[in-house]
Amino acid sequence: LDPDCEYTVLDSASADAGSKMKKAFCAVGDVEKNAPLRLAQDFLVHGASLTVKRKEENGGNATYTSADELRNDFASQALHPGDLKPAVVALVQDALSAIQTELKAKPE
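Residues numbered from 1 in each chain as written. Predicted model: local features only at pLDDT ≥ 70, side-chain atom pairs only at ≥ 80, totals over all residues. Heavy atoms only, no water.

Visitor: Would you mind going over the overall build of the protein chain in detail, with residue names and values included?
Guide: Each helix and strand counted, the protein chain has four helices and two strands in total. When the helices and strands of the protein chain are listed from N to C terminus, the series reads α-α-β-β-α-α. Counting the 108 residues in the protein chain, one finds 35% classified as buried. Summarising the internal contacts of the protein chain: among those between residues at least 6 apart in sequence, 58% fall at separations of at least 24. As presented, the protein chain carries roughly 6600 Å² of accessible surface, and 51% of it is formed by carbon and sulfur atoms. (Helix = DSSP H or I, 4+ residues; strand = E, 2+ residues; numbered from the N terminus. Buried < 20%, exposed > 50% of the residue type's maximum accessible area, 1.4 Å probe, protein only. Contact = heavy atoms within 4.5 Å. Areas by Shrake-Rupley, 256 points an atom, 1.4 Å probe, with all protein chains shown as cover.)

Visitor: Can you break down the nonpolar core residue by residue, with the values?
Guide: Ranked by size, the top nonpolar core spans 24 residues in total, and within it Leu50, Tyr64, Leu70, Phe74, Leu79, Leu84 and Val88 carry the most contacts. For this core, the secondary structure elements donating two or more residues are helix H1 (16-23), helix H2 (35-45), strand E1 (50-52), strand E2 (62-64), helix H3 (67-75) and helix H4 (81-105). Sort the elements by how many residues they give to this core and H4 lands first, with seven residues. In this structure leucine 50 touches Ala40, Leu44, Ala62, Thr63, Tyr64, Leu70, Leu84, Ala87, Val88 and Leu91, once residues within four positions along its chain are discounted. (Core = buried A, V, L, I, M, F, W, Y, C linked by side-chain atoms within 4.5 Å.)

Visitor: Break down the pattern of salt bridges for me, with residues and values.
Guide: Taken as a whole and judged by the stated rule, the model has two salt bridges. Across the pair glutamate 32 and arginine 71 runs a salt bridge, and its minimum N-O distance is 2.9 Å. Placement of the pair is glutamate 32 in the loop between H1 and H2 and arginine 71 in helix H3, with a sequence separation of 39 residues. Residue glutamate 32 is classed as exposed on the basis of its relative accessible area, which comes to 62%. The class for arginine 71 is partly exposed, based on a relative accessible area of 29%. Among the salt bridges present, the one from arginine 38 reaches aspartate 42, with a minimum N-O distance of 3.6 Å. Here the residue arginine 38 and the residue aspartate 42 both occupy positions in helix H2, the gap between them amounting to four residues, near one helical turn. (Salt bridge = Lys/Arg side-chain N within 4 Å of Asp/Glu carboxyl O.)

Visitor: Can you tell me about unusual backbone geometry, naming the residues and giving the values?
Guide: One non-glycine residue, glutamine 77, adopts positive backbone phi at about 70 degrees. For glutamine 77, the position within the fold is in the loop between H3 and H4.

Visitor: How would you summarise the side chain of asparagine 34 if you had to cite specific residues and measurements?
Guide: On the secondary structure map, asparagine 34 appears in the loop between H1 and H2. On the basis of relative accessibility, which here comes to 5%, the residue asparagine 34 falls in the buried class. Within the local environment of asparagine 34, its side chain forms a polar contact with the backbone nitrogen of leucine 37, the two atoms lying 3.0 Å apart. With near-sequence residues (within four places) excluded, asparagine 34 lies in contact with Phe25, Cys26, Ala27 and Phe74. (Polar contact = N/O pair within 3.5 Å; in protein donor to acceptor, adjacent residues only side chain to side chain.)

Visitor: Any chance you could break down the environment of alanine 40 for me, citing the residues and the numbers?
Guide: Secondary-structure assignment places alanine 40 in helix H2. Not counting residues up to four positions away in its chain, the partners in contact with alanine 40 are Leu50, Leu70, Leu84 and Val88.

Written out as C-alpha coordinates, the structure reads:
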(Lines give C-alpha, C1' and ligand atoms only; values in the text may rest on other atoms or scores of the structure.)
Protein backbone atom coordinates (compact mmCIF):
# COMPACT_ATOMS: atom_id res chain seq x y z
CA LEU A 1 0.00 0.00 0.00
CA ASP A 2 0.85 3.66 -0.36
CA PRO A 3 2.65 4.87 2.81
CA ASP A 4 0.53 8.03 2.65
CA CYS A 5 -2.55 5.86 3.11
CA GLU A 6 -1.45 3.81 6.12
CA TYR A 7 -3.32 4.31 9.37
CA THR A 8 -2.65 3.34 12.98
CA VAL A 9 -4.95 3.35 15.99
CA LEU A 10 -2.98 6.35 17.26
CA ASP A 11 -3.93 8.49 14.27
CA SER A 12 -6.38 11.28 14.88
CA ALA A 13 -9.69 10.29 13.29
CA SER A 14 -10.45 13.88 12.36
CA ALA A 15 -7.04 15.26 11.39
CA ASP A 16 -4.88 12.38 10.14
CA ALA A 17 -7.50 10.51 8.13
CA GLY A 18 -8.15 13.38 5.75
CA SER A 19 -4.59 14.61 5.38
CA LYS A 20 -3.20 11.14 4.68
CA MET A 21 -5.91 10.35 2.14
CA LYS A 22 -5.37 13.66 0.37
CA LYS A 23 -1.74 12.65 -0.33
CA ALA A 24 -2.54 9.07 -1.36
CA PHE A 25 -2.00 8.13 -5.00
CA CYS A 26 -5.32 7.57 -6.77
CA ALA A 27 -5.14 7.93 -10.55
CA VAL A 28 -8.35 8.06 -12.58
CA GLY A 29 -9.34 4.54 -13.67
CA ASP A 30 -6.25 2.87 -12.13
CA VAL A 31 -7.39 -0.15 -10.13
CA GLU A 32 -3.96 -1.73 -9.68
CA LYS A 33 -1.86 0.86 -7.80
CA ASN A 34 -4.55 2.64 -5.88
CA ALA A 35 -4.38 2.62 -2.08
CA PRO A 36 -7.71 4.43 -1.45
CA LEU A 37 -9.55 1.96 -3.69
CA ARG A 38 -7.82 -1.01 -2.04
CA LEU A 39 -8.65 0.30 1.42
CA ALA A 40 -12.31 0.80 0.46
CA GLN A 41 -12.46 -2.72 -0.98
CA ASP A 42 -11.05 -4.14 2.26
CA PHE A 43 -13.78 -2.40 4.25
CA LEU A 44 -16.47 -3.68 1.85
CA VAL A 45 -15.22 -7.27 2.03
CA HIS A 46 -15.64 -7.07 5.80
CA GLY A 47 -19.27 -5.95 5.64
CA ALA A 48 -19.06 -2.16 5.52
CA SER A 49 -20.79 -0.03 2.95
CA LEU A 50 -19.28 2.97 1.20
CA THR A 51 -21.45 6.00 0.53
CA VAL A 52 -20.16 8.36 -2.14
CA LYS A 53 -21.74 11.79 -1.98
CA ARG A 54 -21.72 13.81 -5.17
CA LYS A 55 -23.83 16.27 -7.12
CA GLU A 56 -26.60 15.00 -9.40
CA GLU A 57 -24.74 16.24 -12.48
CA ASN A 58 -21.85 13.98 -11.44
CA GLY A 59 -24.06 10.91 -11.12
CA GLY A 60 -25.65 11.59 -7.74
CA ASN A 61 -24.95 9.75 -4.52
CA ALA A 62 -24.01 6.08 -4.68
CA THR A 63 -23.72 3.39 -2.04
CA TYR A 64 -21.42 0.44 -2.57
CA THR A 65 -21.63 -2.85 -0.70
CA SER A 66 -19.62 -4.90 -3.20
CA ALA A 67 -15.88 -4.55 -3.72
CA ASP A 68 -16.28 -5.76 -7.31
CA GLU A 69 -18.92 -3.15 -8.10
CA LEU A 70 -16.70 -0.42 -6.63
CA ARG A 71 -13.70 -1.63 -8.63
CA ASN A 72 -15.72 -1.82 -11.85
CA ASP A 73 -17.14 1.68 -11.44
CA PHE A 74 -13.68 3.08 -10.73
CA ALA A 75 -12.12 1.24 -13.68
CA SER A 76 -14.84 2.52 -16.04
CA GLN A 77 -14.36 6.03 -14.61
CA ALA A 78 -17.97 6.16 -13.42
CA LEU A 79 -16.37 6.93 -10.03
CA HIS A 80 -13.77 9.71 -9.83
CA PRO A 81 -10.90 9.86 -7.29
CA GLY A 82 -12.26 13.19 -6.06
CA ASP A 83 -15.46 11.40 -5.07
CA LEU A 84 -13.84 8.19 -3.81
CA LYS A 85 -11.32 9.72 -1.42
CA PRO A 86 -13.79 11.66 0.80
CA ALA A 87 -15.99 8.56 1.08
CA VAL A 88 -13.02 6.45 2.16
CA VAL A 89 -11.99 9.14 4.66
CA ALA A 90 -15.44 8.82 6.27
CA LEU A 91 -14.99 5.03 6.59
CA VAL A 92 -11.53 5.42 8.10
CA GLN A 93 -12.71 8.10 10.53
CA ASP A 94 -15.59 5.91 11.71
CA ALA A 95 -13.28 2.91 12.15
CA LEU A 96 -10.59 4.87 14.01
CA SER A 97 -13.16 6.51 16.27
CA ALA A 98 -14.74 3.17 17.14
CA ILE A 99 -11.38 1.54 17.87
CA GLN A 100 -10.16 4.47 19.97
CA THR A 101 -13.41 4.59 21.94
CA GLU A 102 -13.14 0.86 22.65
CA LEU A 103 -9.51 1.15 23.75
CA LYS A 104 -10.28 4.07 26.08
CA ALA A 105 -13.15 2.12 27.66
CA LYS A 106 -10.96 -0.86 28.57
CA PRO A 107 -8.70 -0.62 31.60
CA GLU A 108 -5.08 -1.51 30.98
